[in-house]
Amino acid sequence: VESQVNPISSELGQPIGAVIVFHDVTELRRLERMRTEFVANVSHELRTPLTSIKGFVETLLDGAADDPSLRDRFLKIIQAETLRLQRLIEDLLTLAHIEGRENRVGVSSDKVSYAHKAYEKIKPVIDSFALAKGIKVEVDLADDLPPILIGEDLLSQLLLNLLENAVKYTTEGRVWLTARVDEEHIRLEFGDTGCGIPEETLSRIFERFYRVDKARSREQGGTGLGLSIVKHIVEGIGGEINVTSQMGVGTVFTCDLPRA
Ligand code: ADP
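Residues numbered from 1 in each chain as written. Predicted model: local features only at pLDDT ≥ 70, side-chain atom pairs only at ≥ 80, totals over all residues. Heavy atoms only, no water.

- Where an unreviewed UniProt entry is consulted, the protein appears under the name histidine kinase, with the organism given as Desulfosporosinus metallidurans.
- Of the comments in the UniProt record for the protein, the one headed Catalytic activity (unreviewed entry) reads "ATP + protein L-histidine = ADP + protein N-phospho-L-histidine." (UniProt positions renumbered as here; feature names shortened; annotations may be inferred.)

So, in structure tokens, the structure goes:
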């Protein structure tokens, strides 16, 4: 609590009392703390690949480039770290873009799109990723599903992030996407037979940069921002996202999105 004291004087200038105003700054402080934490996280996430790139470039310049096998190995690491930086920057820009959109009333509610069309856009990326991991992707989206109250780019981004995660955290079995319709919503269900998410971390996975297993996420090219982007998209259009998971069995995310 922050307080402010304003003395009150009589007409003759004698102090006769005071008005004390108390401000509840809990929310303000929480937002300040979140912002500081976010900046610290971003800096850390950017610095890690940069330090690695710098180190390998210096080692190459110091003579490692003369050994062809070392040179190739180091260049591949530099390439992977550069891609990681690129993904991180793209995700940060997407997040900033979506958050900016939320503040402009009405902007998100004037567009409609169709799930199967949005999926067609990202299908090649998901298919090649799944093929490389030997995982089957089953998508069941009827052409006559009613439209959803969301821009097509945002819907594609949502499908991409959730399906990419499903494939990323599954080593064998299958990944599926189905749709169900009720009077107000279209429910999209994203399922996988992957590693699962520990129950005690389920409430945290939508936080920016939160990962259950940091090493595994990094190894798979994750930025830790995918689910926070998804949550912003869903809630930005007045929808709801939920998750259930069982370790070693799989995970199901459901998104209830408003019908147009
Ligand atoms: P990341 O880039 O690390 O995948 P996300 O924000 O997309 O970041 O997800 C946050 C964390 O939630 C992941 O690091 C992972 O631990 C967990 N997670 C997300 N989706 C799944 C899934 N389908 N199966 C298991 N774990 C998942």
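### Topic: the overall build of the protein
(1) Moving on: Counting its secondary structure elements, the protein contains six helices and seven strands.
(2) Moving on: For the protein, the succession of helices and strands along the chain, N to C, is β-β-α-α-α-β-α-β-β-α-α-β-β.
(3) Moving on: For 260 residues, the compact-globule estimate of 2.2 N^0.38 gives 18 Å, and the C-alpha radius of gyration of the protein, at 24 Å, exceeds that figure by more than 25%.
(4) Moving on: Principal-axis analysis of the C-alpha atoms gives the protein an extent of 90 × 65 × 35 Å.
(5) Moving on: Looking at the protein as a whole, 36% of its 260 residues qualify as buried.
(6) Moving on: When contacts within the protein are restricted to residue pairs at least 6 apart in sequence, long-range pairs at least 24 apart make up 65% of them.
(7) Moving on: Counting every atom, the protein has about 15,500 Å² of accessible surface; 54% of that belongs to carbon and sulfur.
(8) Moving on: The distance from the centre of the 31 positive side-chain charges to the centre of the 41 negative ones in the protein is 4 Å. (Helix = DSSP H or I, 4+ residues; strand = E, 2+ residues; numbered from the N terminus. Rg over C-alpha atoms; globule rule 2.2 N^0.38 Å. Buried < 20%, exposed > 50% of the residue type's maximum accessible area, 1.4 Å probe, protein only. Contact = heavy atoms within 4.5 Å. Areas by Shrake-Rupley, 256 points an atom, 1.4 Å probe, with all protein chains shown as cover. Lys, Arg positive; Asp, Glu negative; His and termini not counted. Charge placed at Lys NZ, Arg CZ, Asp CG, Glu CD.)

### A short note on the packing of aromatic side chains
(1) Moving on: Tallied over the full model, the rule gives three aromatic pairs.
(2) Moving on: Seen from their ring centres, Phe206 and Phe253 are 6.2 Å apart, and the 85 degrees between their planes marks the pair as edge-to-face. Placement of the pair is Phe206 in the loop between strand E5 (185-192) and helix H5 (214-219) and Phe253 in strand E7 (residues 250-258), with a sequence separation of 47 residues.
(3) Moving on: Cation over ring: Arg208 sits above Phe38, and NZ or CZ is 4.3 Å from the ring centre.
(4) Moving on: Seen from the ring of Phe206, Lys231 lies directly overhead, with NZ or CZ sitting 5.2 Å from the centre. (Phe/Tyr/Trp six-rings, centres within 6.5 Å; stacked < 30°, edge-to-face > 60°. Lys NZ or Arg CZ within 6 Å of the ring centre and 35° of its normal.)

### Topic: the sheet that holds E5
(1) Moving on: As summarised here, the arrangement of the five strands in space is E3-E4-E5-E7-E6, forming an open sheet in which the pairing is mixed. Strands with a single pairing partner mark the edges of an open sheet, and in this sheet they are strand E3 (136-140) and strand E6 (240-246). For this sheet the average axis-to-axis angle between neighbouring strands, irrespective of direction, equals 10 degrees.
(2) Moving on: With seven bridges joining them, E6 and E7 adopt antiparallel strand pairing. For Val243, the partnering residue across the bridge sits in E7 and is Phe253.
(3) Moving on: In the packing of helix H4 (residues 152-168) onto the sheet, the strands contacted are E3, strand E4 (174-181), E5, E6 and E7, and the crossing angle to E5 comes to about 25 degrees. (Pairing = 2+ DSSP bridges. Axes fitted to C-alpha atoms, helices over the stretch in contact; angles between N-to-C directions.)

### Section: the layout of surface pockets
(1) Moving on: Quantified by volume, the largest pocket comes out at close to 840 Å³.
(2) Moving on: Forming the walls of the largest pocket are 40 residues, and the residues nearest its centre are Asn165, Lys168, Tyr169, Gly222 and Gly226.
(3) Moving on: Mapped onto the lining of the largest pocket, the elements with two or more residues apiece are helix H2 (68-102), H4, E5, H5, helix H6 (226-236) and E7.
(4) Moving on: A per-class count over the lining of the largest pocket returns 17 nonpolar, 14 polar and nine charged.
(5) Moving on: By volume, the second largest pocket amounts to about 510 Å³.
(6) Moving on: Contributing to the lining of the second largest pocket are 19 residues, with Met34, Phe206, Glu207, Arg208 and Phe209 lying nearest its centre.
(7) Moving on: Of all the elements in the fold, those that place two or more residues in the lining of the second largest pocket are helix H1 (26-61) and H6.
(8) Moving on: If you tally residues by element for the lining of the second largest pocket, the top one is H1, at six residues. (1 Å grid on protein atoms, 1.4 Å probe; cavity = no way out; pocket = protein on both sides within 12 Å on 5 of 7 lines; lining within 4 Å. Points joined across faces, edges and corners; volume = space filled by probe spheres on them. Nonpolar A, V, L, I, M, F, W, Y, C, P; charged D, E, K, R; others polar.)

### Some points on H6
Because the α-helix completes a turn every 3.6 residues, residues three or four places apart line up on one side.
(1) Moving on: Restricting attention to buried positions, one finds in H6 the residues Gly226, Leu227, Ser228, Ile229, Val230, Ile233 and Val234.
(2) Moving on: Phi turns positive one or two residues past the end of H6, at Gly238, with a value near 80 degrees.

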